[in-house]
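Tertiary structure, described
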Amino acid sequence: MAEAANGTATLAGLDLYRQLTILVGQASGTLEKRMLRRHGVTPLEYMALSKLADAGDDSLRMNDLAEAVGVNPSTVSRLMGRLEAGELARREICEADRRATYARITEQGQRVVREAAATFDDDFETVLDTAAVDSRTAALVAVLRRE
């Protein structure tokens, strides 16, 4: 973020951050309701399951999963607790290095990823369409949609 001569954030940087905060709030609320109702997972849980499904052997070290979904290690630990309770993923201790823990997606988790993919994509597109006509977020959506 750029700074003005007096050390305060410039309007452009502050405005962009404000738009981002509003957009994330709108997307989180809408996607959370729809994903939970239709598939029984939150957007963060879906994102984690998708990352695990895309991993070469359907597993990632817990720290790598945390980084991949943009949360800290304690948050990913709680996230994995919820996924384990739903039998969507499980934790495994690495045989070669007993200090390392891996997150592995289950067959049920794979099924949720397949079934929820279209819902997430469609609903996220709807969120962006709505935000594109909202004067508070339209400029950010335009930037995000540039290809």
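Structure first, text after, so check above.
Okay, so let's go over this structure. The residue count restarts for each chain, going from 1 along the sequence in the order it is written. Owing to the predicted nature of the model, reporting of local features is limited to residues with pLDDT of at least 70; listing and counting of side-chain atom pairs is limited to 80 or more, with chain, interface and lining totals taken over all residues. Just so you know, side-chain values use all the structure's heavy atoms and leave hydrogens and water out.

**What to know about the overall build of the protein**
Looking only at helices and strands, one finds 6 helices and 3 strands in the protein. Ordered by position from the N terminus, the helices and strands of the protein form the series α-α-β-α-α-β-β-α-α. Summarising its shape, the C-alpha atoms of the protein cover approximately 55 × 35 × 25 Å along the three principal directions. By the burial criterion, 33% of the 147 residues in the protein qualify as buried. If you take every contact in the protein between residues at least 6 apart in sequence, the share linking residues at least 24 apart comes to 51%. Surface exposure here means Shrake-Rupley accessible area, sampled with a 1.4 Å probe, where a residue is shielded only by the protein chains that are shown. Of the roughly 8900 Å² that the protein leaves accessible, carbon and sulfur atoms contribute 53%. The centroid of the 19 positive side-chain charges in the protein is displaced by 4 Å from the centroid of its 23 negative side-chain charges. In DSSP terms, a helix is any run of H or I states spanning at least four residues, a strand is any run of E spanning at least two, and both are numbered starting from the N terminus. Residue burial is assigned from relative accessible area. The probe radius is 1.4 Å, only protein chains are included, and a residue is buried under 20% of its type maximum, exposed over 50%, and partly exposed in between. By definition, residues are in contact when any of their heavy atoms lie within 4.5 Å. Only four residue types enter the charge count: Lys and Arg as positive, Asp and Glu as negative, with His and the chain ends excluded. Where a charge lies is defined by one atom per residue type: Lys uses NZ, Arg uses CZ, Asp uses CG and Glu uses CD.

**Some remarks on the packing of aromatic side chains**
Only the six-membered ring of Trp is used, alongside the rings of Phe and Tyr, when aromatic pairs are assigned; centres must lie within 6.5 Å, and planes under 30 degrees apart are stacked while those over 60 apart are edge-to-face, with the rest tilted. On inspection of all chains with the given rule, the structure shows 2 aromatic pairs. Counting every residue linked through ring pairs, the aromatic cluster contains Tyr-46, Phe-120 and Phe-124.

**Overview of the environment of Thr-101**
As for its placement among the helices and strands, Thr-101 is situated in strand E3 (residues 101-105). On the accessibility criterion, Thr-101 (25% relative accessible area) is partly exposed. For the pair Thr-101 and Thr-130, spaced 29 residues apart in the sequence, the C-alpha separation amounts to 40 Å. If we ignore the near neighbours within four places in the chain, the residues touching Thr-101 are Leu-60, Arg-61, Met-62, Arg-91, Glu-92 and Ile-93.

**A look at the pattern of salt bridges**
Should their charged atoms come close, side chains of opposite charge can pair. Any carboxyl oxygen of Asp or Glu that lies within 4 Å of a side-chain nitrogen of Lys or Arg is treated as forming a salt bridge with it. All chains considered together, the criterion is met by 11 salt bridges. Arg-104 is the salt-bridge partner of Glu-92, the closest N and O atoms lying 2.9 Å from each other. Highlighted residues: Glu-92 in strand E2 (residues 89-93) and Arg-104 in strand E3, separated in sequence by 12 residues. Among the ionic pairs, Asp-129 bridges to Arg-145, the shortest N-O distance being 2.7 Å. Of this pair, Asp-129 sits in helix H5 (residues 107-132) while Arg-145 sits in helix H6 (residues 138-145); the two residues are 16 residues apart in sequence, bridging distant segments of the chain. Looking at Asp-129, the relative accessible area reads 42%, which means it is partly exposed. Several salt bridges converge on common partners, so that one network encompasses Arg-34, Arg-38 and Asp-123.

**Side note on the nonpolar core**
Here, nonpolar core means buried Ala, Val, Leu, Ile, Met, Phe, Trp, Tyr and Cys residues that are tied together by side-chain atoms lying within 4.5 Å of each other. In this structure, Leu-23, Val-41, Tyr-46, Leu-49, Leu-65, Met-80 and Leu-83 are the most contacted members of the largest nonpolar core, which totals 31 residues. When residues of this core are traced back to their parent elements, those giving at least two are helix H1 (11-39), helix H2 (43-54), helix H3 (62-69), helix H4 (73-85), E3, H5 and H6. Of all the elements, H5 adds the most residues to this core, at 7 residues. With sequence-adjacent residues up to four places away left out, Leu-23 is seen in contact with Val-127, Leu-128, Ala-131, Thr-137, Leu-140, Val-141 and Leu-144.

**Structural notes on the packing of H2 against H5**
Helix axes are fitted to C-alpha atoms over the stretch in contact, other axes to C-alpha atoms as well, and angles between N-to-C directions run from 0 to 180 degrees. The N-to-C vectors of H2 and H5 enclose an angle of 120 degrees; their axes lie 9 Å apart at closest approach. Between H2 and H5, the crossing angle belongs to the class labelled oblique. Our pair here, H2 against H5, has a crossing hand that is left-handed. Residues Pro-43, Tyr-46, Leu-49, Ser-50 and Ala-53 of H2 pack against Gly-109, Gln-110, Val-112, Val-113, Ala-116, Ala-117 and Phe-120 of H5. Of the residues assigned to the contact of H2 with H5, the class counts are 9 nonpolar, 3 polar and no charged. Each angle gets one of four labels, with under 35 degrees taken as roughly parallel, over 145 as roughly antiparallel, 65 to 115 as roughly perpendicular, and the rest as oblique. Crossings are classed by handedness, with left-handed meaning an anticlockwise turn of the near helix from the far one by less than a right angle and right-handed meaning a clockwise turn. Residue type decides the class: Asp, Glu, Lys and Arg count as charged, Ala, Val, Leu, Ile, Met, Phe, Trp, Tyr, Cys and Pro as nonpolar, and the leftover types, Gly among them, as polar.

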